[in-house]
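Examination of the molecular architecture
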There are 2 protein chains.
Amino acid sequence: LNGKDAAVSFLREQSRFVITTHVFPDGDGLGSALALSLALEAMGKQCRVYCRDGVPDVYEFLPHSEKVLKKTPPADGAALVLLDCNKPERAAIEAEDFDSTAVIDHHETESDFGQVRWIEPRVPATGIMVYHALKALGAAITKDIATNLYAAIAVDTGTFRFSNTDPDSLRVAAELTEAGAEPGYISENLYQTWSENRFKLLCMNMGSLDVKGSVSLTTVTAEMFELTNTHIYDTENFVNFPLLMKDVKVSVFLRETEKNIWKVSLRSKGDINVAKLAERFHGGGHKNAAGCRVRGDLVTVRGKVLGAIRELYGL
Amino acid sequence: LNGKDAAVSFLREQSRFVITTHVFPDGDGLGSALALSLALEAMGKQCRVYCRDGVPDVYEFLPHSEKVLKKTPPADGAALVLLDCNKPERAAIEAEDFDSTAVIDHHETESDFGQVRWIEPRVPATGIMVYHALKALGAAITKDIATNLYAAIAVDTGTFRFSNTDPDSLRVAAELTEAGAEPGYISENLYQTWSENRFKLLCMNMGSLDVKGSVSLTTVTAEMFELTNTHIYDTENFVNFPLLMKDVKVSVFLRETEKNIWKVSLRSKGDINVAKLAERFHGGGHKNAAGCRVRGDLVTVRGKVLGAIRELYGL
């Protein structure tokens, strides 16, 4: 069964759920899972929310985030709902334990998993789909549900800055704000909760800036991690800062994860497809956001990446 | 006459307009003025758009920005519309030359100027008021009008991140996106058009970071301006970066405008009122954003500001 109506019927008919989202969860996956569970519980159903990696610090402000279990709950006859991904492996869940399964996701299809599948790759966030499902179910949108869904949408549209922002995402955000979501509070929690050490790492990272024509390179070395007592996940979003520059079309961000192993994040503007660049190095991603791993010392890795950029895009 | 209906009648009845906004214009003033002029012209009326300071580089992408005149147009029997300010002096215009005058603004009242006055301090952006006026006039919202108004709203709500964001601003943004505004294109033009030198200045500025408890201090010296060939206006927004840190409640940003004269920008989170701090040094502003000038060498100025922060807020 495919589509929204099938998903809504599934949610209406089942009474016990395990709701899960992908590992390394983001605000869209977690906010969607929490909102869905809160609404279903208010309808008298039972829900357990599972995410292998739990809730990263930055998302702890999501209402009822303490509900998220890090241990796979036993299936125990419940129905499985996979959110913001469409392959059970992405959520580290044993899908065969479940008799009834549904997928609600806005990513390109990676598998044909799910007795019920509602997949809309053009929708900017899974949170938008969950909102429409809840409306169809007649669920009341409480302040806590609204906050979870607004955060989900904000994360996946860059608070309505990305080119995926469409009229419906803004209209849903308006309705969520009416239902009690506070855009200022949510944005402060999403964007202004860095540790001092993380900010110092950003300062060091920006000190490494090198601009070659329309390509920027920035680096975090193992030494910088050590000096600031930070970790790889503290570098989230660093790759986007050089894009502030008008003439920078590709931002390359290198992190030393182990001696001579570099995690490379790539971002681009407009039509430059950095997924192709990542594929050269056995990585992957989307047109404007991709990544890969490259071995070698820093000078060699920079040379390899810049060489590939020259070849692929003539930059 | 007061309120929306009076303003709409004024726009409907008059046939020739001078539309103006405040000096040092921002996206809300310029976008509102351009959108209003385009809509009135499509209705067969004549409009001249005036702003003493013209259009800053960052706003040149606004459709028809080349319409903005830097020289006061002669009144010549036209009606005056003052946008995004409510005192003619703020727009550097000789209001006595005009027989008919109207004000459309979302700031607190500074004067009782205007035969017709529509002032709504609770509305996040003048662009929202102009949108509602155009709908009431039955004007067609073209892609160019929608782009100008979306940009206006985006600037004054920080693309829906500030606490002033309300359901209506999001709903209007949805309708503007439906009418052809492209959120991704507009955000790229607003936020990703820095010069390389400006970004290098930011990197240097961040290198100066000093965190004292919940207060951050960053500095741009005359030497940094010289090394990067940049100017005071290139430092716009720098003061906000340290607020990324969770524990930073007050961000102090010092710039050396002349030998031993420092322009101090202040930003705060939550209830800390930095306007009070600015007043200590004969400056001013709003609760969370204020500024002042302080004389002395860097060490002395830092000491004075930190001392006042300790006294006022106990931080």
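The structure contained in this document is the topic of the report that follows. Computed from a predicted model, the values in this text were never measured in an experiment. (Residues numbered from 1 in each chain as written. Chains lettered and ligands numbered in written order. Predicted model: local features only at pLDDT ≥ 70, side-chain atom pairs only at ≥ 80, totals over all residues. Heavy atoms only, no water.)

1. So, the interface of chain A and chain B
Contacts between the two partners involve 41 residues from chain A, matched on the other side by 41 residues from chain B. Between chain A and chain B lies a buried interface of about 3700 Å² when both sides are counted; carbon and sulfur atoms form 66% of it. Scanning the region where chain A abuts chain B turns up 2 salt bridges. A salt bridge links Arg171(A) to Glu178(B), with the shortest nitrogen-to-oxygen separation between them at 2.8 Å. (Contact = heavy atoms within 4.5 Å. Buried area = accessible area lost by both parts, 1.4 Å probe. Salt bridge = Lys/Arg side-chain N within 4 Å of Asp/Glu carboxyl O.)

2. A short note on unusual backbone geometry
What you tend to see is this: most non-glycine residues have negative phi, and most peptide bonds are trans. Phi at His282(A) is positive, roughly 65 degrees, even though this residue is not glycine. Along the polypeptide, His282(A) turns up in the loop between helix 9 (274-280) and strand 11 (284-285). Non-glycine residue Phe160(B) carries a positive phi angle of around 65 degrees. Within the element layout of this structure, Phe160(B) appears in the loop between helix 4 (143-157) and helix 5 (167-178). (Helix = DSSP H or I, 4+ residues; strand = E, 2+ residues; numbered from the N terminus.)

3. Quick look at the pattern of salt bridges
Within this structure, the stated rule accounts for 21 salt bridges over all chains. The closest approach of N and O atoms between Arg52(B) and Asp53(B), which form a salt bridge, is 2.9 Å. Members of the salt-bridge network, linked through shared partners, are Asp210(A), Lys212(A) and Arg302(A).

4. Here we look at the packing of helix 4 (residues 143-157) of chain A against helix 6 (residues 183-191) of chain A
Residue and element names in this part refer to chain A. Running from N to C, helix 4 and helix 6 point in directions that differ by 55 degrees, and their axes come no closer than 10 Å. One element, helix 4, and the other, helix 6, form an angle in the oblique class. For the element pair helix 4 and helix 6, the recorded crossing hand is right-handed. Contacts from Thr147, Tyr150, Ala151, Ala154 and Val155 in helix 4 reach Pro183, Ile186, Leu190 and Tyr191 in helix 6. Residues that form the contact of helix 4 with helix 6 fall into these classes: 8 nonpolar, 1 polar and no charged. (Axes fitted to C-alpha atoms, helices over the stretch in contact; angles between N-to-C directions. Parallel < 35°, antiparallel > 145°, perpendicular 65-115°, else oblique. Left-handed = near helix turned anticlockwise from the far one by under 90°. Nonpolar A, V, L, I, M, F, W, Y, C, P; charged D, E, K, R; others polar.)

5. Remarks on the sheet that holds strand 4 (residues 79-83) of chain A
Residues and elements named next belong to chain A. The strand order 3-2-1-4-5-6 describes an open sheet built from 6 strands, whose pairing is parallel. Of all strands in the sheet, those with a lone pairing partner are strand 3 (68-69) and strand 6 (116-119), marking the two edges. Lying over the sheet, helix 3 (residues 126-137) contacts strand 4, strand 5 (101-105) and strand 6, oriented at roughly 120 degrees with respect to strand 5. (Pairing = 2+ DSSP bridges.)

6. Observations concerning helix 1 (residues 4-13) of chain A
The complete set of buried residues in helix 1 of chain A reads Ala6(A), Ala7(A), Val8(A), Phe10(A) and Leu11(A). Among the structural elements, strand 1 (16-21), helix 2 (27-42), strand 4, strand 5, strand 6 and helix 3 of chain A are those in contact with the buried residues of helix 1 of chain A. (Buried < 20%, exposed > 50% of the residue type's maximum accessible area, 1.4 Å probe, protein only.)

7. Notes on the relation of the copies chain A and chain B
For the pair chain A and chain B, the best superposition has an RMSD of 0.6 Å and corresponds to a rotation of 180 degrees with a translation of 0.1 Å parallel to the axis. In short, the pair behaves as if placed about a two-fold rotation axis. The overlap is high: 100% of the interface residues of chain A also sit at the interface in chain B, so the same surface is used on both sides. (Least-squares fit on C-alpha atoms with pLDDT ≥ 70 in both.)

8. Structural notes on the packing of helix 4 of chain A against helix 5 (residues 167-178) of chain A
All names here are of chain A. Running from N to C, helix 4 and helix 5 cross one another at 155 degrees; their axes reach a closest spacing of 9 Å. The angle between helix 4 and helix 5 places the two elements in the roughly antiparallel class. Seen along the crossing, helix 4 lies across helix 5 with a hand that is left-handed. Counting all contacts with helix 4, which are made through Ala146, Leu149, Tyr150 and Ile153, the residues of helix 5 involved are Ser169, Val172, Ala173, Leu176 and Thr177. Residue classes in the contact of helix 4 with helix 5 are distributed as 7 nonpolar, 2 polar and no charged.

9. Quick notes on the sheet that holds strand 8 (residues 215-220) of chain A
Residue and element names in this part refer to chain A. Strand order in the open sheet made by the 6 strands is 7-8-9-10-12-11, with mixed pairing throughout. Strand pairing shows two members of the sheet lacking a second neighbour, strand 7 (210-212) and strand 11, which therefore form its edges. By the bridge criterion, 3 bridges tie strand 7 to strand 8 in an arrangement that is antiparallel. Each residue of the ladder has a partner; that of valine 211, found in strand 8, is serine 216. Sheet contacts for helix 10 (residues 298-313): strand 7, strand 8, strand 9 (250-258), strand 10 (261-268) and strand 12 (289-295); angle to strand 9, the most-contacted strand, approximately 150 degrees.

10. Some thoughts on the state of the cysteines
Counted under the stated rule, the structure contains 0 disulfides over all chains. The thiol of Cys85(B) is not disulfide-bonded; the next cysteine sulfur, from Cys51(B), is found 9.1 Å away. (Disulfide = S-S within 2.5 Å.)

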